[in-house]
Structures are given as structure tokens and as C-alpha cells.
Amino acid sequence: MLPACGFLEYVAKPINQQAVIQKFESKSPDSEQFKQYLIYNNYKPSSFPITQWGLDDLTYCSLFFHPSLDVVRAQWRAAQASEATSASRPLPTLSGNYGKGNNANEDISPYTYSLSIDIPIETANKRNIRIENAQHLSESVKLEIAQTAWNLRAQVATTYNELLLNQTQLNLLSTERSYRQEIVDLYQKRHDLGLASKIELSHAKLLLQATIAELNSLQQNKVVLIANLAGNLGLPLSRVEQMNLSLPIHGEEVTAKIQQILTSDIQSKALLNRLDLRIALERYAMAEAKLKLEIAKQYPDIKISPSYTYEFGNKVWSLGLSSLMTFINKNKFAIAEANQLREVEAAQFESLQSRIINEASAIRAKLTQAQQSLADNTKLFAQQQENTKRMLSLFSAGEIDRLELTMAKLEELISAKNLAIANFNVHTSINNLENTLQHPLNIQSEQSFQPNSIDAASTY
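As the structure is a prediction and not an experimental result, all values here were calculated from the model.

Asker: I tried to follow the environment of K27 on my own but got confused; where do I start?
Answerer: Relative to the elements of secondary structure, K27 occurs in the loop between α1 (17-25) and α2 (32-40). Assessed through its relative accessible area of 15%, K27 is described here as buried. Not counting the four nearest positions on each side in its chain, K27 is found in contact with F65, P67, G234, L235, P236 and R239. Of note is the side chain of K27, whose polar atom sits 2.8 Å from the backbone oxygen of F65.

This is how it looks when you write it as C-alpha cells:
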């Protein structure tokens, strides 16, 4: 028991900036700890090393490596510590004094001393109300961990889809540049033979320059997107540059899943899953606890003070009782303030709930529109493919020249560009719907992101 009675000593813990930099540079998605984390989240050992990184793989990577989760976890531990603090009872106080007179009256003792103990007693269940408030605060901060994790997933999903679109557009623009160059060469030959005007040649060159400029812009944007993805994952840029992204699933499976989503009750799912709604409920419960505490403060705490006094030879025992005179104003101003705070939290909850309902309705309409656009562009692309096949047959038969064939290929490529944008808009709408529901819809890949990964990341 003697060590338990000892005092804690201050231990300095300075921040070593160089060590922090080294820790960041050493982060790697190939580390053994990260593999164990993925295995905990139902990955098979045979799936390592990961050669194609999908959205869920990147999400787990962000949950494991991003430092923002460490911040909210530290805040949660601080909130848990406040629970223990709120449960503490007020400690008794010990006081004493000593005095000596000038002994003018020699028949009494010149000495005087006293010893008293003040024992505070809380009334009206104030301690339990403080504990309740601290518990709601702790739960609110715990939900902030999940909210931060979901925000990371949303950021990763946005950058992931932008990178996939960027890569698709780069491939298509590279092919378009080849077609544009071929068209310029054909017009140049025709111009040299007097079969094409200078205006036609200049127009073809301008289109080639525009394609090259767009291609250069996309290449520069790719560097920025990779850097953004590295920031969202919490990994060094050099590590992310080595990661190959896998394409999300397309086609009938996505269409069927979207139809299933659109026929479900999106509003109910959003109201049940939204973390910010649950955090708002905890804040309202904290306001309730604060109001209960202020009402309880109408009843004054009591302080019992037994004491012993030796005064000039007399021995005096006494018992004191003290309390604040709260019955004068009955704490009505603090109660009114706490009551208004509760009204504010109730209004904020209602406003948030209404906004979520409106968001769910809007995202349903956007997803329907994106799905229709995808279907239209898929149909147009199929028609362009058939047209290209027909033009190839005509070219083989000598009925058209190479310029007409190249133009047909270019039309198919432009249709492919429109289809890529339509696919991007569909997956963006799906991600927006997931953010509205704050729940994964398991469309992007076969591996499903699970909420238990949020807590598991802190284990490793």
C-alpha cells in the first residue's frame, strides 16, 4: 500500500521532430502490421501482396496509417479520463491553528490551538449527474472517431474515382492524339497535292494542338491527384506512386445494384446510420444533464465541521454546519441558460435531420439521372462501335478512304470519352449516396468495408 500513497512525478516528454519524420517515412502498405490488420478484417493471407488496390483496400490503408484518427482517439481517451474525474467526491479539508498569549493573567494557560475537519456533503444527486454528463461526452467523442474514419473514406473515394477517370482519359487522349496526327498528315498530303484547302489543314492542326494541351493538363493533374491520395492515405508519396489502382466493377451488376438502392427506403437508412445524428443526440443528452445539474444546484451542499479547540486552558468541542444560501435566487439564471442550451441542441438536431432527408431525396434524383446518362452513353458507344466496323468493311472494299475511316474511329473514341465521364458520374453519385447514408453499399468491389476496422486500427 505504501507505493499507492506516493505522489506521481512529472516526466518530460518533448517532441522529437526528426523521429516523427522518420516514423512517417517508414510507413509502408507492405508492412507486417498492416497485413495483420487486413487479416483481422477478413482478408485472406493468399491475397498478399496486393497488386491492384481497390477502394476498400485504400480505405483500410487510410484507417491504419492516417494520423487524424490518432488525434480523435487521444481525445476519446481524455474524455474517458474525465469520466473518472467526474466520479470523484469532494475531499474533506483539515485546518488547525496555534497561538500563545502574553500570559498577563498567570492563572490560565497562555497557549491556544485548534483542529477542525470540514466534511462536504453533496445533495440532490449532483455526482451522478456529473457522471452522466461525462459519459455522454465520452460517447460523443467516440462517435467522432467513426465520423473521422468515414470522412477519410469519403476523401479516398473521391480521389480514387478522379484518378481512375484521369487514367482513362489519358489513355483515350493518347489514342486521340494519334488519330489527330494521322488526320493532319492526311490533310497535309492532300494540301500538297492541291486536294485540300489551307483552312482544312489549319483546322486539323488546331484540333491536334488542343488535344495535346488537354493531354499535358491531364498528366499534370495526375501528379496532383496522386499527391492528394497520398495525403488521404497518410503515406509517403513515394509509396503511393508504386501502388496500382484497380478498376471498379461496371455493367449489369452496377445497374442491378443501383435499382435495388433506388427502390429501398434511403431516408430511413440515412436516419439510422448517420453518425452526425448520433453525435447530435449525445450533445442533446449532455445539455439535458447540464440542465439537471443546474436544477440540482438549487439545493445547497452541506458542510459539516467538527472541531476541537484548546483555548487558554479550556477544552472546547464543537460541531459546525454551513451551506450556501441558494434559496435566495434558486439558481434561476443558470437554469434558464441551461434550458435555452437544450432548446438550441434540439433545434440543431431537427435542422440536421431535415437536411439529411432533403439530401437523401436529392441524391436519389442525381443517381437516377446519372444512371440514365450512363445507359444512353453505353447505347451510343455500342452504335459507334458498329459504325466503325461498318466503315472498316467499306474501307477494305475500297469504298471509302483512310481519312473517312480515321474520322469514324475518332467518333467512336469521343463516344468512349463521354462513356468514361458517365461512368465517373455514376460512381460519384454512388459515393455521394454512401456519404449521405454513411454506410458502404458494396458496389465498388467484392471486399466489403466493415465498421469494426475503425477500432481495430488502434490495436496495431
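Asker: Mind showing me how you'd approach the nonpolar core here?
Answerer: The nonpolar side chains of a soluble globular protein tend to be buried, and buried together. Counting 32 residues, the largest nonpolar core has F34, L38, L58, L233 and V240 as the members making the most contacts within it. At the level of elements, α2, α3 (55-65), α4 (68-86), α5 (126-192) and α6 (198-233) are the ones that each hand at least two residues to this core. Element by element, the count of residues in this core is highest for α5, at 8 residues. If you look at the next biggest cluster of nonpolar residues, it comprises 26 residues, including L352, I363, L433 and L441.

Asker: Honestly, α3 in this entry has me stumped. Any pointers?
Answerer: Because an α-helix completes one turn every 3.6 residues, residues spaced three or four positions apart along the sequence face the same direction. Of all 11 residues that make up α3, 11 are buried, and the element is covered over most of its length. If you check which residues of α3 are buried, you get L55, D56, D57, L58, T59, Y60, C61, S62, L63, F64 and F65.

Asker: Can you walk me through empty space enclosed by the protein in this structure?
Answerer: Unoccupied space between atoms shows up once a probe the size of one water molecule is rolled over them. Tallied over the entire structure, the rule returns 2 cavities of 30 Å³ or more. The computed volume of the largest cavity comes to approximately 50 Å³. Considering the residues around the largest cavity, the lining is formed by P29, D30, F34, K35, L38, F48, P49, I50 and W53. By residue class, the composition of the lining of the largest cavity is 7 nonpolar, no polar and 2 charged.

Asker: Would you take a moment to explain the packing of helix α9 (residues 266-273) against helix α12 (residues 402-437) for this structure?
Answerer: Any two packed helices are characterised by the angle at which their axes cross and by the distance between the axes. Closest axis-to-axis distance for the α9/α12 pair is 7 Å, and the angle between their directions is 55 degrees. Overall, the two elements α9 and α12 adopt an arrangement that is oblique. Here I266, K269, A270 and N273 of α9 come into contact with α12, specifically with L433, T436 and L437. Here the residues of the contact of α9 with α12 sort into 4 nonpolar, 2 polar and 1 charged.

Thresholds, definitions, all that
- Residues numbered from 1 in each chain as written.
- Predicted model: local features only at pLDDT ≥ 70, side-chain atom pairs only at ≥ 80, totals over all residues.
- Heavy atoms only, no water.
- Helix = DSSP H or I, 4+ residues; strand = E, 2+ residues; numbered from the N terminus.
- Buried < 20%, exposed > 50% of the residue type's maximum accessible area, 1.4 Å probe, protein only.
- Contact = heavy atoms within 4.5 Å.
- Polar contact = N/O pair within 3.5 Å; in protein donor to acceptor, adjacent residues only side chain to side chain.
- Core = buried A, V, L, I, M, F, W, Y, C linked by side-chain atoms within 4.5 Å.
- 1 Å grid on protein atoms, 1.4 Å probe; cavity = no way out; pocket = protein on both sides within 12 Å on 5 of 7 lines; lining within 4 Å.
- Points joined across faces, edges and corners; volume = space filled by probe spheres on them.
- Nonpolar A, V, L, I, M, F, W, Y, C, P; charged D, E, K, R; others polar.
- Axes fitted to C-alpha atoms, helices over the stretch in contact; angles between N-to-C directions.
- Parallel < 35°, antiparallel > 145°, perpendicular 65-115°, else oblique.

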